[in-house]
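# Examination of the molecular architecture
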Amino acid sequence: MQAWTHPACLLHDTGPGHAERPERLRAVLDALHAAFPALQWHEAPRATRGQLLRVHTPELLSTVLDTNPTQRVHLDADTVLSPASAEAALRAAGAAVAATDAVLHGQADRAFCAVRPPGHHATGDVAMGFCLFNSAAVAAAHAIAHGNLERVAVIDFDVHHGNGTQAIFEHDPRVLYLSSHQSPLYPDSGYVEERGEGNIFNAPLQPGAGSDAFRAAWRERLLPALEDFRPQLVIVSAGFDAHWRDPLAQLQLQADDYAWVTLELAKVAGRHAGGRMVSMLEGGYDLQALAECSVAHVAALSGLEPA
Ligand SMILES: [Zn+2]
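Right, let's walk through the structure included here. As the structure is a prediction and not an experimental result, all values here were calculated from the model.

So, how was this worked out
- Residues numbered from 1 in each chain as written.
- Predicted model: local features only at pLDDT ≥ 70, side-chain atom pairs only at ≥ 80, totals over all residues.
- Heavy atoms only, no water.
- Axes fitted to C-alpha atoms, helices over the stretch in contact; angles between N-to-C directions.
- Helix = DSSP H or I, 4+ residues; strand = E, 2+ residues; numbered from the N terminus.
- Parallel < 35°, antiparallel > 145°, perpendicular 65-115°, else oblique.
- Left-handed = near helix turned anticlockwise from the far one by under 90°.
- Contact = heavy atoms within 4.5 Å.
- Nonpolar A, V, L, I, M, F, W, Y, C, P; charged D, E, K, R; others polar.
- Pairing = 2+ DSSP bridges.
- Buried < 20%, exposed > 50% of the residue type's maximum accessible area, 1.4 Å probe, protein only.
- Polar contact = N/O pair within 3.5 Å; in protein donor to acceptor, adjacent residues only side chain to side chain.
- Salt bridge = Lys/Arg side-chain N within 4 Å of Asp/Glu carboxyl O.

### Focus on the packing of helix α1 (residues 22–35) against helix α9 (residues 287–302)
Between α1 and α9, the least distance of the axes is 8 Å, while the angle of their chain directions is 45 degrees. One finds that α1 runs oblique with respect to α9. As for the relative orientation of α1 and α9, their crossing is right-handed in sense. Residues E23, R24, A27, V28, A31, L32 and A35 of α1 lie in contact with α9, whose contacting residues are L287, L290, A291, S294, V295 and V298. Considering only residue class, the contact of α1 with α9 consists of ten nonpolar, one polar and two charged.

Have a look at this one:
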């Protein structure tokens, strides 16, 4: 098990009162260091332009990397580009690529990337929903192009639908995208009828759904689709904003639900992918919930017992 991060991810400055704030990542890092003192940490490299261009347009790269703002600029109502944002976004996507390489080269079976900004709302050409580059999608495309894989699963249990990841891969059956999310909620996508080439499975859940409905959606709809796909690598968009404490949504999960779904995913990865999993931090906006859920997730991912 490896963990990846970079100090630059703490410097992406979304401004006063913004939910996607540096304290989120600090809470995750502090909790993981306290719970898993033996966890092996690595400093993320920058993603290259070539790695990003597998899923993003030159225009989006130019917006994020070449604007060089001297103060915060808003790309949309809630997506901010600060002077330090390009570096943070490069390190977040770079963590995803490096973790994928480490897992594919057999240096670890699992990896968790504690990074921000999050990525799953970023489409091929639009930064949105706090997301600049879609790090999970960059990792999946890297595994196919560089690792020569034919079947990569991207699993998304963030409370918001990963519209960006779905849009990037909905015509690419080499990637299976599975998402549970609250509906209705931003970004108002992720309906059951959205199936791509048969490689998209969405499980929308009503506000207040809770643990039983969440687990049923995975047990009955999403995990069987993952099993049928026989993934060679499992990438996880790990958002913790479905927790009951989260201020942006109302799905009412407990930290234990993240341990459960992670263990279920690990069983499938163990059967088909040699156990290989790469997990990326996505959303989660309550600091205590982030700490508890990231520890539960990493414990299930690594098999380590929290201190
Ligand atoms: Zn979210």
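### What about the sheet that holds strand β10 (residues 277–281)?
Backbone hydrogen bonds are what pair the strands of a sheet, in a parallel or an antiparallel way. Spatial ordering of the open sheet is given by β2-β1-β5-β10-β9-β6-β7-β8, a layout of eight strands whose pairing is parallel. Each having just a single partner strand, β2 (40–43) and β8 (200–205) make up the two edges of the open sheet. Along the sheet, successive strands turn relative to each other by an average axial angle of 15 degrees, direction set aside. Strand direction decides the pairing type here: strand β1 (residues 2–5) and strand β5 (residues 110–113), joined by three bridges, are parallel. Bridge assignment links Q2 to a residue of β5, and that residue is A111. Set on the sheet, α9 makes contact with β5, β9 (233–238) and β10; between it and β5 the angle comes to about 165 degrees.

### A closer look at the environment of S180
Within the secondary structure, S180 is located in strand β7 (residues 175–182). Classification of S180 as buried rests on a relative accessible area of 1%. Sequence separation between S180 and C131 is 49 residues, and the spatial gap between their C-alpha atoms is 19 Å. Other than its neighbours up to four places away in sequence, S180 contacts D156, F157, D158, A203, L205, F214, W218 and L222. Within polar-contact distance, the side chain of S180 engages the side chain of W218 at 3.0 Å.

### A word on the pattern of salt bridges
Counted under the stated rule, the structure contains twelve salt bridges. R91 is the salt-bridge partner of E87, the closest N and O atoms lying 2.8 Å from each other. With E87 and R91 both in helix α4 (residues 85–104) and four residues apart, this pair spans about one turn of that helix. Residue R91 is classed as buried on the basis of its relative accessible area of 13%. Across the pair R215 and D256 runs a salt bridge whose closest N-O atoms are separated by 3.1 Å. With R215 in helix α7 (residues 210–229) and D256 in helix α8 (residues 255–272), the pair connects residues that are 41 residues apart, well separated along the chain. Residue class for R215 comes out buried when judged on its relative accessible area of 17%. Three or more residues are tied together by salt bridges with common partners; here these are E20, R24 and R116.

### Re the side chain of Q182
With respect to the helices and strands, the residue Q182 is situated in strand β7. For Q182, the side chain forms a polar contact with the main-chain nitrogen of L251, separated by 3.4 Å.

### Points about the side chain of R110
Within the secondary structure, R110 is located in strand β5. A polar atom in the side chain of R110 sits 2.5 Å from the backbone oxygen of G275. There is a polar contact of 2.7 Å between the side chain of R110 and the backbone oxygen of L301. Those residues in contact with R110 that sit more than four places away from it in its chain are M1, Q2, V103, A266, G275, M277, A300 and L301.

### Focus: the packing of α4 against helix α5 (residues 135–145)
Each packed pair of helices is defined by two parameters, the angle between the axes and the distance between the axes. Their axes nearest at 8 Å, the elements α4 and α5 cross at an angle of 35 degrees. Handedness of the α4/α5 crossing: right-handed. Contacts from A92, A93, A96, V97, T100, D101 and L104 in α4 reach S135, V138, A139, H142 and A143 in α5. Across the contact of α4 with α5, the residue classes tally to eight nonpolar, three polar and one charged.

Keep in mind these numbers describe shape, not what the thing actually does.
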